[in-house]
Amino acid sequence: MPHPRLVAFDLDDTLAPSKSAIDPRIGELLIALAERVEVAIISGGQLAQFQAQVVDRLPDASAAVLSHFHLLPTCGTQYYRLKPDGIETVYAHSLTDDEKARVLAAVEEEARRLGFWESETWGDILEDRGSQITFSALGQRAPLDAKKAWDPTGEKKNTLRAAIAERIPDLEVRSGGSTSVDITHRGIDKAYGMRQLAEQTGIPLDDMLFVGDRLDPDGNDYPVLAMGVKCHAVEGWEDTADYLDALIPTLPLRERA
């Protein structure tokens, strides 16, 4: 492909370990990338997670450079830009109170029925992210080792996802991170987020590149690959850093106004 005009990233296990801050090396690389192209982050996480993991950890940069960052929490049901006076909301599409109530009931009841409702957790199992409800089997702050050990094959998560989907067929239920299930309005996945990027920026999907760690058919990055966007698979933030080390020198610096 010609030089991408926009590079989008998954967050957890692509830019940083799950729920962890980016390494300073990634921060420097993201700024260098934003000096050349638009930089987007699309994840099932909420805005506070983006801010703590990425925004607050970026090295000092001009407002002009930061303006080229696009943040799409909850797979693009929310869209934010970085501005000199803080984070600006482009849009946020929330679930209704009735939808939230039905989701919370269905998720807890099915998780308990299947024996997946754990008694010892790190933080809340259920989280209302406005436009998304997220089930995290071991809690929002579970350590990586515990999360990897809970469902190494993904069978538990996929079984729960299917059970919840039968209960709330009017909403979208999909596998999220290593121990999570996300529920949103129908048609919401990372492909939706990429389409929103195209609409908001005017950059065609053919001129975009996506970097993610779950591009397998059961992964939450797969919808981006399936829609035909050029993708690069990684297995962790170190892979991403190595890839950016090679990619960035091939991209011309943006002309200064």
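A short tour of the structure in this document, coming up.

Quick notes on the rules
- Residues numbered from 1 in each chain as written.
- Predicted model: local features only at pLDDT ≥ 70, side-chain atom pairs only at ≥ 80, totals over all residues.
- Heavy atoms only, no water.
- Helix = DSSP H or I, 4+ residues; strand = E, 2+ residues; numbered from the N terminus.
- Polar contact = N/O pair within 3.5 Å; in protein donor to acceptor, adjacent residues only side chain to side chain.
- Contact = heavy atoms within 4.5 Å.
- Salt bridge = Lys/Arg side-chain N within 4 Å of Asp/Glu carboxyl O.
- Buried < 20%, exposed > 50% of the residue type's maximum accessible area, 1.4 Å probe, protein only.
- Pairing = 2+ DSSP bridges.
- Axes fitted to C-alpha atoms, helices over the stretch in contact; angles between N-to-C directions.
- Phe/Tyr/Trp six-rings, centres within 6.5 Å; stacked < 30°, edge-to-face > 60°.

1. Side note on the side chain of Glu 38
Phase 1 of the analysis: Tracing the sequence through the fold places Glu 38 in strand 2 (residues 38-42).
Phase 2 of the analysis: A polar contact of 2.7 Å, which involves the side chain of Glu 38, links it to the side chain of His 70.
Phase 3 of the analysis: In this structure, Glu 38 is in contact with Arg 5, Leu 6, Val 7, His 68, His 70, Arg 81, Ile 203 and Arg 254, ignoring residues within four places of it in sequence.

2. Let's talk about the pattern of salt bridges
Phase 1 of the analysis: All chains considered together, the criterion is met by 17 salt bridges.
Phase 2 of the analysis: Here Asp 128 and Lys 100 are joined by a salt bridge, their closest N and O atoms 3.2 Å apart. Of this pair, Asp 128 sits in strand 6 (residues 126-128) while Lys 100 sits in helix 4 (residues 97-113), placing them 28 residues apart in sequence.
Phase 3 of the analysis: Judged by its relative accessible area of 41%, Asp 128 is partly exposed.
Phase 4 of the analysis: Assessed through its relative accessible area of 15%, Lys 100 is described here as buried.
Phase 5 of the analysis: Note that Arg 167 and Glu 110 form a salt bridge whose closest N and O atoms lie 2.9 Å from each other. Here Arg 167, found in helix 6 (residues 155-167), pairs with Glu 110, found in helix 4; they are 57 residues apart in sequence, far enough to count as distant.
Phase 6 of the analysis: On the accessibility criterion, Arg 167 (37% relative accessible area) is partly exposed.

3. Description of the sheet that holds strand 6
Phase 1 of the analysis: Spatial strand order, 6-7-9-8: four strands in an open sheet with antiparallel pairing. Bordering the open sheet on either side are strand 6 and strand 8 (171-175), each of which pairs with just one other strand. Strand-to-strand twist in this sheet, taken as the mean axis angle between neighbours without regard to direction, amounts to 20°.
Phase 2 of the analysis: For strand 7 (residues 133-136) and strand 9 (residues 180-185), the ladder comprises four bridges, and the chain directions are antiparallel. If you follow Phe 135 over to strand 9, its bridge partner there is Val 181.
Phase 3 of the analysis: Helix-sheet contacts for helix 4 involve strand 6, strand 7, strand 8 and strand 9, and the interaxial angle to strand 7 is about 15°.
Phase 4 of the analysis: Strands in contact with helix 6 are strand 7, strand 8 and strand 9; relative to strand 8, the strand with the most contacts, it is inclined by about 175°.

4. Quick look at the sheet that holds strand 1 (residues 6-9)
Phase 1 of the analysis: Pairing is mixed across the open sheet formed by seven strands, whose spatial order is 5-4-3-2-1-10-11. Two strands lie at the open edges of the sheet, namely strand 5 (86-92) and strand 11 (230-233), each paired on one side alone. Pairs of neighbouring strands in the sheet enclose a mean axial angle of 25°, with direction left out of account.
Phase 2 of the analysis: Note that strand 2 and strand 3 (residues 69-72) share four bridges and pair parallel.

5. Some remarks on unusual backbone geometry
Comment: phi is negative for the bulk of residues other than glycine, and the bulk of peptide bonds are trans.
Phase 1 of the analysis: Backbone geometry at Lys 19 places phi at a positive 60°, although glycine is not the residue there.
Phase 2 of the analysis: The residue Lys 19 is located in the loop between strand 1 and helix 1 (24-34) in this model.
Phase 3 of the analysis: Here Lys 19 falls in the partly exposed class, since its relative accessible area comes to 33%.
Phase 4 of the analysis: Of note in this structure, Thr 74 is not a glycine but carries a positive phi near 40°.
Phase 5 of the analysis: Topologically, Thr 74 is positioned in the loop between strand 3 and strand 4 (78-83).

6. Regarding the packing of aromatic side chains
Phase 1 of the analysis: For the structure on display, the rule yields three aromatic pairs.
Phase 2 of the analysis: Between the aromatic rings of Tyr 79 and Tyr 91, the centroid separation amounts to 5.7 Å while the plane-to-plane angle is 55°, which identifies the pairing as tilted. Residue Tyr 79 is found in strand 4, and its partner Tyr 91 is found in strand 5; the two are separated by twelve residues along the sequence. Each member of the pair Tyr 79 and Tyr 91 is classed as buried.
Phase 3 of the analysis: Measuring from ring centre to ring centre gives 6.4 Å for Trp 117 and Phe 135, while their planes differ by 40°; the resulting arrangement is tilted. Placement of Trp 117 in the loop between helix 4 and strand 6 and of Phe 135 in strand 7 is noted, with a sequence separation of 18 residues between them.
Phase 4 of the analysis: Its relative accessible area of 22% is what places Trp 117 among the partly exposed residues.
Phase 5 of the analysis: In this structure Phe 135 comes out as buried when scored by relative accessible area, which is 1%.

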